[in-house]
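# A look at the structure
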Amino acid sequence: MKLYFNPMSLYSMKVLIAFQEKQVDVEHSIVNLMDEEERSAFREIYPIGKVPLLMIDDYMIPESTIIIEYLEGHYPKQGTTLIPDGVDASRKVRFLDRINDLYLINQVGSLFFASLKPEAEQNQAELDKTKHTLGILLGKMNKELADREWLAGDNFTMADCSAIPALALATKVYPFAEQYPEVAAYLERAMQRPSVKSVVENAKATMAKVFAK
């Protein structure tokens, strides 16, 4: 297996955490999507050009959630169970994962890329809308985390894989600890997991190098 990814991509981080939690070895291939030559070369492999992408021989598995579905389906007894058994339990995890993708990862990513632009070039109306959506989600998350350790309950799941990278980045572009203390405590717990710590710290180190140039 070969995983094409970028360490700064929130969706890539989601999958990297999952691989470590499942204790599944995979060959890494970093794709620098900001480099035109590398981007073009990657499009020869996957025309849509998005990471992460898992290749198993000539079999292509794109999209972060589908990659994790593959891992759980093929390595159900190995490492952490990221998608639990049972119709209702698995649906809950998949629902939370979907919500995180649409309303957490995408919103935080938008704020991050906006922060790279001069203030005069930022669309304030769009930023306000993004922050409003993010606030609704974090408020809901803060309430639910008051009586549970992880997003779906007592166990770490795919829902946590999707939430944590975005929350780690949000501390820089949308500080939330004071307003949403349960979410902040949740992120602190997550950072104690070896999988999360290594992936997040690697992303921060890569980001520091890229933006120092």
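Residues numbered from 1 in each chain as written. Predicted model: local features only at pLDDT ≥ 70, side-chain atom pairs only at ≥ 80, totals over all residues. Heavy atoms only, no water.

What follows covers the overall build of the protein chain. On a plain count of helices and strands, the protein chain comes out with eight helices and four strands. Reading the secondary structure of the protein chain in the N-to-C direction produces β-α-β-α-β-β-α-α-α-α-α-α. With 213 residues in all, the protein chain has 46% of them scored as buried. In the protein chain, the share of contacts with a sequence separation of at least 24, taken over all contacts with a separation of at least 6, comes to 69%. Summing over all exposed atoms, the protein chain offers an accessible surface of approximately 11500 Å²; the carbon and sulfur share of this is 51%. Counting 24 positive and 30 negative side-chain charges, the protein chain places the centres of these two groups 3 Å from one another. (Helix = DSSP H or I, 4+ residues; strand = E, 2+ residues; numbered from the N terminus. Buried < 20%, exposed > 50% of the residue type's maximum accessible area, 1.4 Å probe, protein only. Contact = heavy atoms within 4.5 Å. Areas by Shrake-Rupley, 256 points an atom, 1.4 Å probe, with all protein chains shown as cover. Lys, Arg positive; Asp, Glu negative; His and termini not counted. Charge placed at Lys NZ, Arg CZ, Asp CG, Glu CD.)

This part takes up the pairing of strand β1 (residues 2-5). Bridge analysis of β1 against strand β2 (residues 27-30) gives four bridges, and the strand direction is parallel. From the neighbouring strand, lysine 2 faces β2, where its bridge partner is glutamate 27. The parallel pair β1 and β2, bridged by helix α1 (residues 10-22), forms a crossover whose chirality is right-handed. Alignment of β1 against strand β3 (residues 53-56), held across three bridges, turns out to be antiparallel. Residue pairing in the sheet places lysine 2 in a bridge with methionine 55 of β3. (Pairing = 2+ DSSP bridges. Right-handed = clockwise from strand over helix to strand, strands pointing away.)

Tracing the sequence through the fold places serine 90 in helix α4 (residues 87-115). On the basis of relative accessibility, which here comes to 10%, the residue serine 90 falls in the buried class. Ignoring sequence-local partners within four residues, the contact set of serine 90 consists of Ile83, Pro84 and Asp85.

Taken together, the side chains of Phe113, Leu116 and Phe211 define a hydrophobic patch exposed on the protein surface, amounting to about 310 Å² of accessible area. Its location among the elements puts phenylalanine 211 in helix α8 (residues 194-212). (Patch = residues over 30% accessible without salt bridge, like charges linked within 9 Å, V, L, I, M, F, W, Y side chains within 5 Å. Salt bridge = Lys/Arg side-chain N within 4 Å of Asp/Glu carboxyl O.)

Read from one edge to the other, the open sheet built from four strands follows the order β2-β1-β3-β4, with strand pairing classed as mixed. On the outer flanks of this sheet lie β2 and β4 (59-62), each paired with one strand and no other. Geometrically, the sheet is characterised by an average inter-axis angle of 20° between neighbouring strands, direction not taken into account. As paired strands, β3 and β4 are joined by four bridges and run antiparallel to one another. From the neighbouring strand, leucine 53 faces β4, where its bridge partner is proline 62. (Axes fitted to C-alpha atoms, helices over the stretch in contact; angles between N-to-C directions.)

One pass over the full model with this rule turns up nine salt bridges. Where aspartate 97 meets lysine 14, a salt bridge forms, and the shortest distance between an N and an O atom there is 2.8 Å. Here aspartate 97 is found in helix α4, whereas its partner lysine 14 is found in helix α1, with 83 residues between them in sequence. For the pair shown, aspartate 97 and lysine 14 are each scored as buried.

Quick look at the packing of aromatic side chains now. Within the structure shown, the criterion is met by five aromatic pairs. Centroid distance tryptophan 150 to phenylalanine 156: 5.3 Å. Interplanar angle 80°. Geometry classified as edge-to-face. Neither residue differs from the other here; tryptophan 150 and phenylalanine 156 are each classed as buried. Joined through ring pairs, the aromatic side chains of Tyr4, Phe42 and Tyr46 make up one cluster. In this structure, arginine 193 packs its charged tip against the face of tryptophan 150, placed 5.4 Å from the ring centre. Over the ring of phenylalanine 156 we find arginine 193; its NZ or CZ atom is 4.1 Å from the centre of that ring. (Phe/Tyr/Trp six-rings, centres within 6.5 Å; stacked < 30°, edge-to-face > 60°. Lys NZ or Arg CZ within 6 Å of the ring centre and 35° of its normal.)

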